[in-house]
Amino acid sequence: MARAFRLGLPVEGKVEQVIKGGYEIPVGRSRGFCPHSQIDLHRVENPEEHVGKSYAFRILQMRRGGEGLVLSRRALLEGG
């Protein structure tokens, strides 16, 4: 996980549920959080539409020794 963060490599995660401010996305043994603004290129009208889907994400932040991740799908969709 730390290597993916350092190198900007994508990680796979499945959107588990909508939570306050975004989505909960487990990645390996880590808990990932993706803000609503980072799940897609445009504003999502129905956040529930992403629940149960697997996507590639970029790790924007790592916390607590890799246990807490802030993820962005948007960063990959924008080609960055």
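Provided above is the structure to which this section pertains.
About the thresholds
Sequence positions are assigned chain by chain, starting from 1 and proceeding in written order. Where local features are concerned, this predicted model is filtered to residues with pLDDT of at least 70; where side-chain atom pairs are given and counted, the filter is 80 or more; whole-chain, interface and lining totals use all residues. Hydrogen atoms and water are omitted, and side-chain values are computed over all heavy atoms in the structure. For every residue, the accessible area obtained with a 1.4 Å probe (protein chains only) is divided by the maximum for its type, and the residue is called buried under 20%, exposed over 50%, and partly exposed between those limits. Secondary structure elements are defined from DSSP: runs of H or I of at least 4 residues count as helices, runs of E of at least 2 residues count as strands, and each element is numbered from the N terminus. At least two bridges found by DSSP between two strands is the condition for calling them paired. Buried Ala, Val, Leu, Ile, Met, Phe, Trp, Tyr and Cys residues that are joined via side-chain atoms within 4.5 Å together make up what is termed a nonpolar core. We call two residues in contact whenever any of their non-hydrogen atoms come within 4.5 Å of each other. Pairing of aromatic side chains requires ring centres within 6.5 Å, counting the rings of Phe and Tyr and the six-membered ring of Trp. Pairs whose planes differ by under 30 degrees are stacked, by over 60 edge-to-face, and all others tilted. We count a charge as sitting over a ring when the NZ of a lysine or the CZ of an arginine lies within 6 Å of the ring centre and within 35 degrees of the ring normal.

A.B. asks: I would appreciate a short explanation of the pairing of strand 6 (residues 68–72) in the present structure.
C.D. replies: Side chains on a regular strand alternate between the two faces of the sheet. Counting buried positions over the 5 residues of strand 6 gives 5, a clear majority of the element. Residues Gly68, Val70 and Ser72 of strand 6 are buried on one face, and the alternating residues Leu69 and Leu71, pointing to the opposite face, are buried as well. When strand 4 (residues 30–35) meets strand 6, the two strands line up parallel, connected through 3 bridges. The partner of Phe33 across the bridge, within strand 6, is Val70. Across 5 bridges, the pairing between strand 5 (residues 54–63) and strand 6 is antiparallel. Bridging across to strand 6, Arg58 finds its partner in Ser72.

A.B. asks: Which parts of the structure should I look at to understand the nonpolar core?
C.D. replies: Nonpolar side chains in soluble globular proteins tend to end up buried together. Residues Val11, Val15, Ile25, Ile39, Phe57 and Leu71 are the most contacted members of the largest nonpolar core, which totals 14 residues. Put simply, the parts of the chain that give this core at least two residues each are strand 3 (22–27), strand 5 and strand 6. If we skip the residues at most four places from it in the chain, Val11 touches Met1, Ala4, Val27, Tyr55, Ala56, Phe57, Ile59 and Leu71.

A.B. asks: Just checking my understanding: could you explain the packing of aromatic side chains for this structure?
C.D. replies: One pass over the structure, following the stated rule, counts 1 aromatic pair. For the ring pair Tyr55 and Phe57, a centre distance of 6.2 Å and an interplane angle of 80° mean the geometry is edge-to-face. Tyr55 gets classed as buried once you look at its relative accessible area, which sits at 12%. Its end group placed over the ring of Tyr55, Arg73 keeps NZ or CZ at 3.9 Å from the ring centre.

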